[in-house]
Amino acid sequence: TENHLSFSLQNLQGGSHPCGTHKCLFPLNKFKHLGYLAANYLTSGLSVRMKKAYNMSLEVVEKKYDMKHIYLAEPYQMEIDNNFREWLGENLSNESNGQSVKSKFPGNKVIVQAVVVIPSNESIFWGCERKRLEDGLHQLVSFYTPDNIRGINLSDMA
C-alpha cells in the first residue's frame, strides 16, 4: 500500500512553493491541508532551531496555553536523490526578502518537518528569537489546527 503522507516527489503538490529565509513549504497532493517544511541541511544550527521551535510549541503553546500549532512531528534529516533535489529547487517564491531561492537545496540532505498548512491570511509566523517569540505569543490568541485532519494517522508523516 502506498503512503500518500510521506515526503516524496510523487506525494508533493506541484506549482509554486512559498519560502522564508531558511525553509520552504510543500503541501501534499492528496491532503492539501497537510505538508512539509523543507530546509537545507547545511544551514548552520537550523536543525537545532527547528527542534527547539517544535519542543517549544509542545511545551508552551499546547501545554501552557492549551492551543494547537502547525507542527505534526519533530523535524528529521533525510537523503534525497538529484532529481528530487532539482524538483525542490524549482518554482520557489521567496516571501520574505526577494532573494533567489535556487540555492535552498544545494546538497542531497534536507531537514523536513510535517506540518498543517494554514491559509496565509489565518497564520502567524514567528521565530525563536526572544523579541519575535514574545510578539508571536501575544498574537497566538486565535491560532488553531483545522478540524479536517481528524481521522488521518499523522504518525505516518514522521
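Residues numbered from 1 in each chain as written. Predicted model: local features only at pLDDT ≥ 70, side-chain atom pairs only at ≥ 80, totals over all residues. Heavy atoms only, no water.

1. Quick notes on the overall build of the chain
- Along the backbone of the chain there are 3 helices and 6 strands.
- In sequence order, the chain lays out its α and β elements as β-β-β-α-β-α-β-β-α.
- Burial analysis of the chain (158 residues in total) assigns 44% to the buried set.
- For the chain, the computed accessible surface area is about 9100 Å², with 49% contributed by carbon and sulfur atoms. (Helix = DSSP H or I, 4+ residues; strand = E, 2+ residues; numbered from the N terminus. Buried < 20%, exposed > 50% of the residue type's maximum accessible area, 1.4 Å probe, protein only. Areas by Shrake-Rupley, 256 points an atom, 1.4 Å probe, with all protein chains shown as cover.)

2. Description of the nonpolar core
- F7, L12, F26, L88, F105 and V110 are the most contacted members of the largest nonpolar core, which totals 32 residues.
- Elements with a minimum of two residues in this core: strand 2 (23-27), strand 3 (34-40), helix 1 (46-64), helix 2 (82-88) and strand 6 (109-116).
- Of all the elements, strand 6 adds the most residues to this core, at 5 residues.
- Setting aside residues no more than four positions away along its own chain, F105 makes contact with C24, F26, A38, A39, N40, R85, L88, G89, L92 and V110. (Core = buried A, V, L, I, M, F, W, Y, C linked by side-chain atoms within 4.5 Å. Contact = heavy atoms within 4.5 Å.)

3. Digging into the state of the cysteines
- In the structure shown here, the tally under the stated rule is 1 disulfide.
- The disulfide partner of C19 is C24, and the gap between their sulfur atoms is 2.0 Å. An S-S torsion of about 105 degrees defines the bridge between C19 and C24 as right-handed. An identical accessibility class is assigned to C19 and C24; each is buried. (Disulfide = S-S within 2.5 Å.)

4. Notes on the confidence of the model for the chain
- Chain-level statistics for the chain give a pLDDT mean of 76 and a share of 66% at 70 or above.
- By mean pLDDT, helix 3 (residues 130-139) is the weakest element of the chain at 54, and strand 4 (residues 76-79) is the strongest at 95. (pLDDT = per-residue confidence, 0-100.)

5. Re helix 1
- For helix 1, spanning 19 residues, the distance from its first C-alpha to its last is 25 Å, which sits close to the expected 27 Å at 1.5 Å a residue.
- Its axis deflected by about 30 degrees at S57, helix 1 carries its strongest bend there.
- The set of residues buried in helix 1 consists of L46, S47, M50, A53, Y54, M56, S57 and V61.
- Positioned one or two residues after helix 1, D66 has a phi angle of 50 degrees, which is positive. (Expected span 1.5 Å × (residues − 1). Bend = angle between axes of the 7 residues up to and from the residue.)

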